[in-house]
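Observations on the model geometry
So the chains spell out like this:
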Amino acid sequence: MNEVLTVKNVTKSFQHKTAVNNVSFSINKGEVTAILGPNGAGKTTTISMILGLLKPTTGEIRLFNRLPYEKQVREKLGTMLQEVSVMGGLKVREILALIRSYYPDPLPMEDLIRLTGLTEQDLKTRAEKLSGGQKRRLSFALALAGNPELIIFDEPTVGMDITARKKFWETVRQLAYQGKTIIFSTHYLQEADEAAGRILLFKDGAIVADGTPEQIKASINKSSISFITDPETSLEKLYQYNEIDRIYRKNNRVYAETANTDRVLEFIFQEKIGARDIQIERGRLEEAFEQLTSETKGAI
Ligand SMILES: Nc1ncnc2c1ncn2[C@@H]1O[C@H](COP(=O)(O)OP(=O)(O)OP(=O)(O)O)[C@@H](O)[C@H]1O
Ligand SMILES: [Mg+2]
């Protein structure tokens, strides 16, 4: 069986809010998937349902062809949540030993330490005395303790410094190389672009894009030409030029999106609008993200 996770027509409604609206997707063994989307898009709610922490209002979720809360699923699942809470009173090494003992086939302690970058000092410290970033490292180690086949992280690198972040992604790459299935949410698009083979983009509780980072970037299939010009300069001609799909100002620059940069550049020079510091950018994930999540909502 290649399918590790199936989410089928899943909706989650709270009293006044539909947080996840009829979402379906499945994930195969060995895939590294990033869940992206603006605040409130439904990422954490979806992840919580996959983990069996929330029950879908309607729809079905299967992990390894079983229900999320079944014991056989828990043993194959490692997770690190958006809100980190650690057990107080115990030293890090003791917590790791305890959690490892719950699993039939835990990761050796040395591997756990090596993979997560916990230091000797961390291991001797009581969990409640760890800094925010160190707590994240502990929670990363706890996620891996049972040597899980499927690992789910909700915004794993928030609060990590540059070194910790690098170490984290290095380990994720190793885990992916070993064939683990990994799902993570993030607001750092570059992380998704670099680490994930697949992106699920959420907006208003629904999936608005699903593909490789390259496919998602290509879906906008546009480049933008940006330049600086005097604020008084009229951009009317550009607005009317049919090779330009969208034009906007951001941080003092004018951006013109187009599928034909050559023609648009020619036009800009021809019209003598005094464009300075011209830059051409190929589609970036940020742009795809902005475009795919900014379309105005239909009436509900
Ligand atoms: N327990 C709850 N009761 C009521 N509404 C909730 C509850 N949990 C989430 N919501 C609502 O559901 C929507 C989706 O929330 P969710 O936490 O899944 O978003 P998210 O995509 O994880 O956002 P973020 O990027 O901020 O973490 C939000 O509008 C939120 O207010
Ligand atoms: Mg969230």
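Residues numbered from 1 in each chain as written. Chains lettered and ligands numbered in written order. Predicted model: local features only at pLDDT ≥ 70, side-chain atom pairs only at ≥ 80, totals over all residues. Heavy atoms only, no water.

As for the sheet that holds strand β11 (residues 244-250)
Threshold: When DSSP finds at least two bridges between two strands, those strands are taken to pair. Helix and strand definitions follow DSSP, with helices as H or I runs of at least four residues and strands as E runs of at least two, each counted in order from the N terminus. Lines are fitted to the C-alpha atoms to define the axes, a helix being fitted only along its stretch in contact, and any angle between axes, read from their N-to-C directions, falls within 0 to 180 degrees.
Across the sheet, 4 strands lie side by side as β11-β12-β10-β13; this open sheet has antiparallel pairing. On the outer flanks of this sheet lie β11 and β13 (276-281), each paired with one strand and no other. Going across the sheet, the axis of each strand differs from the next one's by a mean of 20°, ignoring polarity. One ladder, built from 6 bridges, connects β11 with strand β12 (residues 253-258); its direction is antiparallel. By the bridge assignment, Tyr248 is partnered in β12 with Tyr255.

Regarding the domain arrangement of the protein
Where interface size is given, it is often the accessible area lost as the parts come together that is meant. In plain terms, the rule: Segmentation of the chain into domains, including their bounds, is taken from an automatic or database domain assignment.
With domains assigned, the protein is organised as domain 1 (3-217) and domain 2 (223-282). Summarising the inter-unit geometry, the C-alpha centres of domain 1 and domain 2 are found 42 Å apart.

What about the site of ligand 1?
Filter applied, for reference: We call a residue near a given molecule or strand whenever any one of its heavy atoms falls within 4 Å of it. Counting of polar contacts relies on pairs of N or O atoms within 3.5 Å, with two restrictions inside protein: one atom must be capable of donating a hydrogen and the other of accepting it, and residues adjacent in sequence are counted only when both atoms are side-chain atoms. We get accessible surface area from the Shrake-Rupley algorithm with a probe of 1.4 Å; when it comes to residues, only the shown protein chains can shield them. Here the term charged refers only to Asp, Glu, Lys and Arg, the term nonpolar to Ala, Val, Leu, Ile, Met, Phe, Trp, Tyr, Cys and Pro, and the term polar to all other amino acids, Gly among them.
If you check the shell around ligand 1, you find 14 residues, and the closest are Gly40, Lys43, Thr44, Thr45 and His187. Contact between ligand 1 and His187: an oxygen atom at 2.8 Å from a side-chain N or O atom of the residue. With the chains in place, 64% of the 640 Å² that ligand 1 exposes on its own is no longer accessible. A per-element tally of the shell around ligand 1 places helix α1 (residues 43-50) first, with 3 residues. When grouped by side-chain class, the residues that make up the shell around ligand 1 number 4 nonpolar, 7 polar and 3 charged.

Focus: unusual backbone geometry
Counted only if it meets this: Relative accessibility thresholds used throughout: buried, under 20% of the residue-type maximum; exposed, over 50%; partly exposed, between the two (1.4 Å probe, protein chains only).
The backbone of Asn22 shows a phi angle near 55°, a positive value even though the residue is not glycine. Its place among the elements puts Asn22 in strand β2 (residues 17-28). Classification of Asn22 as partly exposed rests on a relative accessible area of 45%.

Here we look at the nonpolar core
Where we set the bar: Here, nonpolar core means buried Ala, Val, Leu, Ile, Met, Phe, Trp, Tyr and Cys residues that are tied together by side-chain atoms lying within 4.5 Å of each other. In this analysis, two residues are considered to be in contact whenever any of their non-hydrogen atoms come within 4.5 Å of each other.
By size, the foremost hydrophobic cluster in this structure holds 44 residues, and its most contacted members are Leu36, Leu96, Leu144, Phe153, Ile182 and Phe184. Here Phe184 is in contact with Val32, Thr33, Ala34, Ile35, Phe153, Pro156, Trp169, Glu191, Ala192, Ala195 and Ala196, once residues within four sequence places are set aside. Counting residues in hydrophobic clusters, the runner-up holds 25 residues, among them Val4, Phe64, Leu77 and Leu150.

Here we look at a nonpolar patch on the surface
To keep it simple, the criterion reads: Think of a patch as exposed residues, more than 30% relative accessible area, with no salt bridge, where like charges cluster within 9 Å and nonpolar side chains (Val, Leu, Ile, Met, Phe, Trp, Tyr) cluster within 5 Å. Note on definitions: salt bridges are taken to be side-chain nitrogens of Lys or Arg within 4 Å of carboxyl oxygens of Asp or Glu.
Among the surface-exposed residues, Met87, Leu98 and Tyr102 lie close enough to one another that they form a single nonpolar patch of about 290 Å² accessible area. Position of Met87 among the secondary structure elements: in the loop between β5 (77-80) and α3 (92-101). Judged by its relative accessible area of 36%, Met87 is partly exposed.

Things to note about the environment of Ile247
Its location among the elements puts Ile247 in strand β11. Residue Ile247 is classed as buried on the basis of its relative accessible area of 13%. In sequence terms Ile247 and Ser226 are 21 residues apart; their C-alpha atoms lie 9.5 Å from each other.

A word on empty space enclosed by the protein
The test is simple: Throughout, the protein atoms alone are placed on a 1 Å grid, and a set of points is a cavity if a 1.4 Å probe fits but cannot get out or a pocket if it is open with protein on both sides within 12 Å along at least five of seven lines; lining residues have an atom within 4 Å of a point. Grid points are joined across faces, edges and corners, and a volume is the space filled by probe spheres set on the points.
Evaluation of the coordinates by the stated rule reveals 2 cavities of 30 Å³ or more. Volume-wise, the largest cavity comes out at about 60 Å³. Lining the largest cavity are Thr116, Gly133, Arg137, Phe140, Met160, Ala164, Lys167 and Phe168. Grouping the amino acids of the lining of the largest cavity by side-chain chemistry returns 4 nonpolar, 2 polar and 2 charged.

Side note on the side chain of Glu155
The criterion, for reference: Only four residue types enter the tally: Lys and Arg on the positive side, Asp and Glu on the negative side; His and the chain ends are excluded.
With respect to the helices and strands, Glu155 occurs in the loop between β6 (150-154) and α7 (162-177). There is no salt bridge for the buried Glu155, and the closest opposite charge comes from Lys43, which lies 5.0 Å off by N-O distance. Residues contacting Glu155, with those up to four places away along its chain left out, are Gln82, Arg136, Ser185, Thr186 and His187.

Considerations on the packing of helix α4 (residues 109-116) against helix α6 (residues 132-144)
This is how the line gets drawn: Any angle that is under 35 degrees is reported as roughly parallel, and any over 145 degrees as roughly antiparallel; angles of 65 to 115 degrees are reported as roughly perpendicular and all others as oblique. Working rule for handedness: look at the near helix, and if it is turned counterclockwise from the far one by less than a right angle, call the crossing left-handed; if clockwise, right-handed.
Viewed as axis vectors pointing N to C, α4 and α6 meet at an angle of 135°, and their least axial separation amounts to 10 Å. Regarding the angle of α4 to α6, the classification is oblique. Here the hand of the crossing between α4 and α6 comes out right-handed. Together, Leu112, Leu115 and Thr116 of α4 and Arg137, Phe140, Ala141 and Leu144 of α6 make up the contact between the two elements. Partitioning the contact of α4 with α6 into residue classes produces 5 nonpolar, 1 polar and 1 charged.

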